[in-house]
Amino acid sequence: MYNKYLERLTKTCITMLVCFSVFLANAAEQSGSWWSPGDDRVFPRFSEYQNASGRFGIINTAGPIDTSKHPFFAAKGPNGRACVTCHQPSDAMSLSVSTIQQRWRDTKGTDPLFAAIDGSNCPSLPQGKPESHSLLLEKGLIRIAMPWPPRPFNGKPIDPEFSIEVVRDPTGCNLDPEWGIDSPSSAISVFRRPRPVINIAHLMELPHGVPPFNNFFFNDAMPLPKGPDTGLTVPQQLMADGRGLTPKYQATDAALTHLQLFDALSDNDLEEIEAFERQIYGAQSFDNLAGDLTSPESPPGLGPQALVISPKARLGNNPLNKIFGEFSMWASTADESQEVQQDKVKAFKASVARGSEIFREVRFYISDVGMYNDKGLGNPFKRSCGSGCHNTLSMGMDLSPGFMDLGLNNFPWQNRRSDLPLFKITCRDDVQPQSFLGREIYTHDPGRALITGKCTDVGATMTQQLRGLAARAPYFAGGAAANLRELVDFYDRRFNIGYTEQEKADLVNFMRTL
Amino acid sequence: MRVYPPSTTLRIAIIIWTCVTSGKILANEHTAFVTCPIARDIGPQSDVCFIAEYNGKTYGLFDPNGYNRPMLKHKVMVEGEVIDGEMICGATRINGVLSVMREEISPECNQILPDDGSVRTKNNNLFLRMPEEHRQRAFKLMAQVADNPEASLQEAIYDPAPFPPVKPPYVRQMLNLHYPFNSKRSSGPELRKLLYLIHYAKFSGGHFVVKSYQGATRLDNGEVMEEKSGMAEERADMFAELLIELGLNKKDYSIEVQPESVAATGVGDWKNRRISVELNPAE
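Below, the structure is looked at part by part. (Residues numbered from 1 in each chain as written. Chains lettered and ligands numbered in written order. Predicted model: local features only at pLDDT ≥ 70, side-chain atom pairs only at ≥ 80, totals over all residues. Heavy atoms only, no water.)

**So, the overall build of chain A**
Within chain A, the regular secondary structure consists of 14 helices and 17 strands. Against the globule reference of 24 Å for 514 residues, chain A gives a C-alpha radius of gyration of 23 Å, in line with a compact fold. C-alpha atoms of chain A, sized along the principal axes, occupy 95 × 50 × 40 Å. With 514 residues in all, chain A has 62% of them scored as buried. (Helix = DSSP H or I, 4+ residues; strand = E, 2+ residues; numbered from the N terminus. Rg over C-alpha atoms; globule rule 2.2 N^0.38 Å. Buried < 20%, exposed > 50% of the residue type's maximum accessible area, 1.4 Å probe, protein only.)

So, in structure tokens, the structure goes:
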């Protein structure tokens with residue numbers, strides 16, 4: 001009798017304890033999820049943040065940082081934003097659309113994130129109304145005003161090979177007398193997702209083992225550009241169009257545009273920003289089904305530590321590296337005799353292992369991709385996701401650097417978007433045309449061509465690292481895929497791959513663990 | 001003296017007669033034509049390869065410099081020697097160069113032959129193409145993976161060894177860089193050779209004499225295709241930019257442009273689309 005009572009009491013206590021710790025953990029998460037500029041918090045050596053399929057982990061190799069005065073975290077400009085506003089630790093140092101919506105609800109649209117300059121569809125719209133911020137609220141897109149004609153790049157003046165006409169302007173910003181293409185500051189507004197500011201050390205390393213393309217750009221076999229601040233060759237992996245040559249150069253531009261900080265950041269601030277970007281490594285660290293992704297039993301390529309130990313800028317599409325390392329330890333099929341939950345876990349792990357294999361082994365015809373098939377690879381190039389484009393060890397970037405028009409920006413491939421501006425590009429007769437679309441191209445984002453002025457580059461944007469995907473939907477530079485399944489479906493349609501339902505699910509499961 | 005049986009003697013005679021009369025086995029035939037490339041699927045583990053049909057024959061298109069492959073939606077110019085008896089992509093190999101006709105889009109060039117199992121490439125394993133020492137290391141790491149999965153994250157592909165120091169006596173160095181028709185993009189392997197020349201000059205000192213040419217190609221059907229005017233100059237400008245970026249000063253080189261296309265003969269015309277580089281070491 002007594003014993004039973006004690007047992008019940010113990011059980012109740014345990015339940016209460018569990019509940020309380022869950023409450024505590026939730027409370028910690030609540031305060032931990034949104035990071036406002038000037039939150040006097042410490043950025044620890046290791047931190048984890050909840051997302052829909054598990055947790056994203058960040059290793060900060062330099063140890064804890066007091067962020068109160070840190071230039072990445074402190075509001076430097078007049079609009080109250082900091083870099084962290086759009087590069088949130090909880091969102092793999094990018095920004096998911098669910099976080100954006102939550103922030104809108106929590107602050108009734110007053111957070112500096114929604115600043116008129118680029119957190120709205122156009123600064124000339126009435127601010128504070130959801131319609132005026134629809135691209136940010138629905139697709140997670142930030143307005144980027146690109147100078148037209150292009151500014152000199154890498155020290156060279158650019159003579160554009162094409163003219164641009166605004167065909168459709170749902171945001172009103174491209175025809176706006178103050179902000180548009182015919183305004184005194186003549187700019188093209190495109191709308192892009194924040195890219196994750198994590199594992200930047202990997203992106204800043206020149207490619208290894210691919211001579212002479214460690215120093216040369218594959219497409220034209222000319223030297224890669226030099227960092228304006230360093231004078232050193234750069235891999236050109238930052239930003240959708242490669243314009244962020246070095247972390248400092250990029251940060252200077254980000255401060256000017258996103259923070260509206262017209263006095264440049266100090267040298268010291270730039271040093272601190274670059275150091276911070278180079279010392280943080282991140283990946284999904286926990287999966288709701290697979291559990292701890294950092295345990296010794298998990299595939300070595302999972303968890304943030306993989307990014308710390310992994311050699312940088314190496315070709316990973318080979319029989320040893322398999323791009324994200326070995327997954328065979330999860331390959332076992334579900335054991336019928338185990339209890340249901342255990343089966344589910346095993347089945348999920350097996351699916352991830354299959355996904356990793358599909359990612360690197362299942363080839364399809366990659367065809368008619370501008371700036372890609374035409375750089376010498378041939379059309380079609382029959383490769384897999386991993387061996388075709390996402391080939392960099394542990395990161396899944398294109399080592400090349402891989403600018404390409406997948407058909408997300410240019411017609412006719414993409415799902416026509418009524419929310420984005422539409423431009424008509426007309427190339428001069430004497431220049432090399434875009435290899436598959438010719439000299440008249442309709443596009444939502446001219447991409448790389450706004451930097452180089454080249455007709456062949458119209459619509460091309462660069463591959464992104466594949467880390468922390470679970471924390472930062474939607475995907476692609478224009479936010480075209482709301483979730484990983486839509487992303488897989490896009491490829492399946494675009495390249496006629498014919499993945500089975502199972503293969504699609506496996507790919508999604510694989511990617512959510514990265 | 002050894003006496004051959006009549007059948008063998010006859011066979012030898014036939015072979016000799018064939019060689020003498022056709023001439024094809026002794027001297028390879030040159031060819032140049034523009035046509036649609038056809039992609040051929042050669043199985044789930046391989047890139048596609050390309051063939052071209054011309055004058056009732058099928059040729060396998062070989063890309064000697066790597067990564068200058070034909071493209072559907074564009075015609076390809078094929079120039080080279082027919083290597084009878086050697087097959088590539090299931091068809092007779094042409095040893096020469098390929099130029100994608102990039103200026104125009106040809107939607108009619110759009111054929112992919114499905115895999116019929118008849119063509120297979122040798123192992124695609126990247127490791128088999130690496131230097132022996134690197135290969136050994138990669139295989140060793142692979143053997144460790146079962147016990148130590150983290151080995152799968154170690155680098156398997158290495159940078160090549162840096163060029164070794166150059167010792168005197170320094171001698172004149174010559175190099176030709178070749179370009180596809182109407183193109184300014186040189187190939188990776190030739191670029192490596194140029195980098196070696198620049199490395200050489202760091203030891204030998206000296207002056208680079210550069211000449212830029214453009215070419216014309218006489219096709220088998222008699223048509224002469226000329227590169228667009230100004231091509232030699234465009235190549236020269238780009239090359240000068242390249243030399244400067246590689247650390248040379250303007251005084252270290254001279255560039256001469258040959259603005260007229262070198263006349264086409266129908267034999268190896270592609271060799272005229274070039275930049276020649278001569279390094280004359282300092283006295």
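Now that the structure is up, let's keep going.
**So, the overall build of chain B**
On a plain count of helices and strands, chain B comes out with four helices and twelve strands. Contacts in chain B between residues at least 24 apart in sequence constitute 71% of all its contacts with a sequence separation of at least 6. (Contact = heavy atoms within 4.5 Å.)

**Quick look at the packing of helix α13 (residues 484–494) of chain A against helix α14 (residues 501–512) of chain A**
Residue and element names in this part refer to chain A. Relative to each other, α13 and α14 sit at 130 degrees, their axes nearing to 9 Å. One way to sum up the angle between α13 and α14 is to call them oblique. You can see that α13 and α14 cross each other, and the crossing is right-handed. Here L484, R485, L487, V488, D489 and D492 of α13 come into contact with α14, specifically with E501, K504, L507, V508, M511 and R512. The residue makeup of the contact of α13 with α14, split by class, is six nonpolar, no polar and six charged. (Axes fitted to C-alpha atoms, helices over the stretch in contact; angles between N-to-C directions. Parallel < 35°, antiparallel > 145°, perpendicular 65-115°, else oblique. Left-handed = near helix turned anticlockwise from the far one by under 90°. Nonpolar A, V, L, I, M, F, W, Y, C, P; charged D, E, K, R; others polar.)

**What to know about the pattern of salt bridges**
Enumeration over the complete set of coordinates arrives at 42 salt bridges over all chains. Across the pair E79 of chain B and R273 of chain B runs a salt bridge whose closest N-O atoms are separated by 2.8 Å. With E79 of chain B in strand β5 (residues 76–88) and R273 of chain B in the loop between β11 (253–262) and β12 (274–280), this residue pair connects regions lying 194 residues apart in the sequence. For the pair shown, E79 of chain B and R273 of chain B are each scored as buried. Through salt bridges with shared partners, one network takes in R485, D489, D492, E501 and K504 of chain A. (Salt bridge = Lys/Arg side-chain N within 4 Å of Asp/Glu carboxyl O.)

**Observations concerning the state of the cysteines**
Taken as a whole, this structure holds four disulfides over all chains when the rule is applied. Through a disulfide, C49 of chain B is tied to C89 of chain B; the S-S separation comes to 1.9 Å. Judged by the sign of its S-S torsion, about 80 degrees, the cystine formed by C49 of chain B and C89 of chain B is right-handed. Linking C49 of chain B in strand β3 (residues 49–54) with C89 of chain B in the loop between β5 and β6 (91–100), this pair joins segments that are 40 residues apart in sequence. When its relative accessible area of 14% is taken as the criterion, C49 of chain B is described as buried. Residue classification places C89 of chain B among the buried residues on the basis of a relative accessible area of 7%. Taking only the cysteines that form disulfides and numbering them from first to last, chain B has the pattern 1-4, 2-3. Assigning the bonded cysteines of chain A consecutive numbers by sequence position, one obtains the connectivity 1-2, 3-4. Free cysteine: C86 of chain A, not disulfide-bonded; nearest cysteine sulfur from C83 of chain A at 9.0 Å. (Disulfide = S-S within 2.5 Å.)

**Regarding unusual backbone geometry**
Residue A473 of chain A is joined to P474 of chain A through a cis peptide bond whose omega torsion reads 0 degrees. Cis rather than trans, the peptide bond between P168 of chain B and P169 of chain B has omega equal to 5 degrees. Residue position: P169 of chain B is located in the loop between α2 (132–144) and β8 (173–178). One non-glycine residue, N55 of chain B, adopts positive backbone phi at about 50 degrees. Positionally, N55 of chain B belongs in the loop between β3 and β4 (57–61). For N55 of chain B, a relative accessible area of 68% corresponds to the exposed category.

**Brief notes about the packing of aromatic side chains**
Residue and element names in this part refer to chain A. Scanning the entire structure with this criterion turns up 27 aromatic pairs over all chains. Between W35 and F43, the ring centres sit 5.7 Å apart and the planes meet at 40 degrees, which makes this aromatic pair tilted. A relative accessible area of 2% means that W35 is categorised as buried. Ring plane angle 80 degrees and centroid distance 6.0 Å describe the contact between F217 and F403, whose orientation is recorded as edge-to-face. Taken together, the residues span a long stretch of sequence, with F217 in strand β8 (residues 216–217) and F403 in strand β14 (residues 403–404) at a distance of 186 residues. Comparing F217 with F403, the two get one shared label, buried. Here a set of aromatic residues connected by ring pairs shows up, and it is made of W35, F43, F72, F73 and F276. Across from the ring centre of F286, 4.2 Å away, lies the NZ or CZ of R55, which sits over that ring. A cation over a ring is seen here: R448 above F403, with NZ or CZ 4.4 Å from the ring centre. (Phe/Tyr/Trp six-rings, centres within 6.5 Å; stacked < 30°, edge-to-face > 60°. Lys NZ or Arg CZ within 6 Å of the ring centre and 35° of its normal.)

**Some points on helix α3 (residues 188–204) of chain B**
With 17 residues, α3 of chain B should cover 24 Å at 1.5 Å per step; its first-to-last C-alpha distance of 24 Å lies within 8% of that length. On its buried face, α3 of chain B is in contact with β8 of chain A together with β8, β9 (207–218), α4 (231–245) and β12 of chain B. Once α3 of chain B finishes, G205 of chain B follows within two positions and takes phi at roughly 65 degrees, a positive value. (Expected span 1.5 Å × (residues − 1).)

**Things to note about the sheet that holds strand β15 (residues 422–427) of chain A**
Residues and elements named next belong to chain A. Judged by pairing direction, the sheet is antiparallel, and its three strands sit side by side in the order β6-β15-β16 without closing on themselves. The outermost strands of the open sheet, each flanked by one partner alone, are β6 (162–168) and β16 (440–443). Here the average twist between neighbouring strands, direction ignored, is 25 degrees. As paired strands, β15 and β16 are joined by four bridges and run antiparallel to one another. When the sheet's bridge partners are listed, F423 is paired in β16 with T443. (Pairing = 2+ DSSP bridges.)

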